[in-house]
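Notes for the structure review
Here is how the chains run, residue by residue.
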Amino acid sequence: LIAHFRVSFFSKRSGRAAKSSTQYPIIAVVSPTDPLEPFPHINEGLEDVWFEEDLETIAHRLKILFIQQQQQRSKVLSPQPLKRVSLLRHGQSIAQLANPDTRSGDKNLLDAALSDHGRQQARHVLLHDEPELIVCSPLTRALMTTAIVWQRLQSNVPVIAHPALQEFSYKEGFENLGRNLHELERGGLFHLEKSIDGTKIRSRVETSLVQEKGEAQDGVWWTSSVESPDSRLEAFVCWLHSRQEHSILVVAHHNVFDHLLSQGNDEVPEIRNCDPIECLLTANGFRVIRARHW
């Protein structure tokens, strides 16, 4: 397969890291047997590229490989401090209070909201640092948690809803399926409001990423709850790497965080409702540096 795609920090002409973040087109022969000959220093690990996937996913994987190998060889031309990312599981949801025997088949749990206790948990979240950015799942319980946490911050921190953070599970159910943007809008879930030093601050959750995915699928931005999250979460990690902010809060779900943390840690801490897990975002994934239950 001869593929044309774009990967940041890579030059076709020199085969070395570029000195700026300009994107350079790459033309390469991609196959399970032939490595990318023009770029021998990223040949290692190419067996990890899934060749049946689309070019965007392949580009994401190549970018991760490039970052990993550049860091391993200490040849990063413009070293930047590692991003500090706090992972926050949403507050207790009404689904967590449901009968386990009937939970997966209960249509009333579609896109489950927070319980009263879950709201209380969100009001008592303790963050080590105030983030420069909040990224949250577009599922209702994560949006509700985000709004409550945002109210307690001392600045107007931007909030972005990212569809890749949708929860997944190992059996079909309703609580992890989303609702379209119009329903979420009617519920006021994108509206943010608080008062800082007597000044009323109004903002809203940025939903362009959710809208973009929904437009491509007739308004359905979510996937089956049992679909493998590997590709979308790898793309999410690449997206985080590309952000300019160095302190980020991610509000999402148990299985999403368990998946992300299993990539870069020998042991995954217990992921409790509204209990932040502080990490450094490295080329190998999220490295835990602080957690209450570890």
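What counts and what doesn't
Residues numbered from 1 in each chain as written. Predicted model: local features only at pLDDT ≥ 70, side-chain atom pairs only at ≥ 80, totals over all residues. Heavy atoms only, no water. pLDDT = per-residue confidence, 0-100. Contact = heavy atoms within 4.5 Å. Salt bridge = Lys/Arg side-chain N within 4 Å of Asp/Glu carboxyl O. Helix = DSSP H or I, 4+ residues; strand = E, 2+ residues; numbered from the N terminus. Buried < 20%, exposed > 50% of the residue type's maximum accessible area, 1.4 Å probe, protein only. Arc of directions from axis to C-beta. Core = buried A, V, L, I, M, F, W, Y, C linked by side-chain atoms within 4.5 Å. Polar contact = N/O pair within 3.5 Å; in protein donor to acceptor, adjacent residues only side chain to side chain. Phe/Tyr/Trp six-rings, centres within 6.5 Å; stacked < 30°, edge-to-face > 60°. Lys NZ or Arg CZ within 6 Å of the ring centre and 35° of its normal.

**Side note on the confidence of the model for the chain**
- On average, residues of the chain score 81 in pLDDT, and 74% of them are at 70 or above.
- Confidence drops under a pLDDT of 50 for residues 1–52, and excluding neighbours within four residues, the segment shows 102 contacts in the predicted structure.

**What to know about the pattern of salt bridges**
- By the definition in use, this model includes 12 salt bridges.
- Its salt-bridge partner being Glu278, residue Arg84 comes within 3.3 Å of it at the nearest N-O pair. One end of the pair, Arg84, is in strand 3 (residues 83–89); the other, Glu278, is in strand 9 (residues 277–282), and 194 residues separate them in sequence.
- Since its relative accessible area comes to 30%, Arg84 is described here as partly exposed.
- In this structure Glu278 comes out as buried when scored by relative accessible area, which is 9%.
- Between Glu270 and Arg272 there is a salt bridge whose closest N-O contact spans 3.0 Å.
- Overall, the relative accessible area of 45% leaves Glu270 in the partly exposed class.
- You can call Arg272 partly exposed: its relative accessible area is 36%.

**Focus on the environment of Leu82**
- Tracing the sequence through the fold places Leu82 in the loop between helix 1 (55–72) and strand 3.
- On the accessibility criterion, Leu82 (35% relative accessible area) is partly exposed.
- Each C-alpha atom of the pair Leu82 and Cys279 lies 9.7 Å from the other, and the pair is 197 residues apart in sequence.
- Setting aside residues up to four positions removed in sequence, Leu82 forms contacts with Leu280, Leu281, Thr282 and Arg287.

**A look at the environment of Ser203**
- Looking at the secondary structure, you find Ser203 in strand 7 (residues 199–204).
- Judged by its relative accessible area of 23%, Ser203 falls in the partly exposed class.
- When the C-alpha atoms of Ser203 and Val157 are compared, they prove to be 9.0 Å apart, with 46 residues separating the residues in sequence.
- Leaving out residues up to four positions away in the same chain, Ser203 has contacts with Trp150, Asn156, Phe190, His191 and Leu192.

**Quick look at helix 2 (residues 116–123)**
- Of the residues making up helix 2, those classed as buried are Gly118, Gln121 and Ala122. End-on view of helix 2: buried residues confined to an arc of 100 degrees, all on one side of the axis.
- Buried residues along helix 2 sit in contact with helix 3 (140–151).

**Points about the nonpolar core**
- In this structure, Ile134, Leu143, Trp150, Val159, Val205 and Val251 are the most contacted members of the largest nonpolar core, which totals 32 residues.
- Counting residues per element, the ones that place at least two in this core are strand 4 (133–136), helix 3, strand 5 (159–161), strand 6 (191–196) and strand 8 (247–252).
- Per-element accounting of this core gives the leading share, seven residues, to helix 3.
- The contacts of Leu143, once residues within four sequence positions are left out, are Cys136, Ser137, Pro138, Leu184, Leu189, Phe190 and Val205.
- Listed in part, the 27 residues of the second largest apolar core include Leu87, Leu233, Trp239 and Val288.

**Here's the deal with the side chain of Ser137**
- Secondary-structure assignment places Ser137 in the loop between strand 4 and helix 3.
- Residue class for Ser137 comes out buried when judged on its relative accessible area of 0%.
- Polar side-chain contacts of Ser137 include one of 3.1 Å to the backbone nitrogen of Leu139.
- In this structure the side chain of Ser137 is engaged in a polar contact, spanning 2.8 Å, whose partner is the side chain of His253.
- Ignoring anything within four residues of it in the chain, the contact list for Ser137 reads Ala142, Leu143, His162, Leu165, Gln166, Val251, Ala252 and His253.

**Here's the deal with the packing of aromatic side chains**
- Within this structure, the stated rule accounts for three aromatic pairs.
- Here Trp221 and Trp222 contribute two aromatic rings whose centre-to-centre distance is 5.5 Å and whose plane-to-plane angle is 85 degrees, an arrangement assigned as edge-to-face.
- Look at Trp222 and you get buried, because its relative accessible area is 19%.
- A cation over a ring is seen here: Lys194 above Trp150, with NZ or CZ 4.1 Å from the ring centre.

**Some words on unusual backbone geometry**
- For Asp111, which is not glycine, the phi torsion reads 45 degrees and is therefore positive.
- Mapped onto the elements of the fold, Asp111 is located in the loop between strand 3 and helix 2.
- The exposure class of Asp111 is buried, given its relative accessible area of 3%.
- At Asp197, a residue that is not glycine, the phi angle is positive and equals roughly 55 degrees.
- Position of Asp197 relative to the elements: it lies in the loop between strand 6 and strand 7.
- In this structure Asp197 comes out as exposed when scored by relative accessible area, which is 79%.

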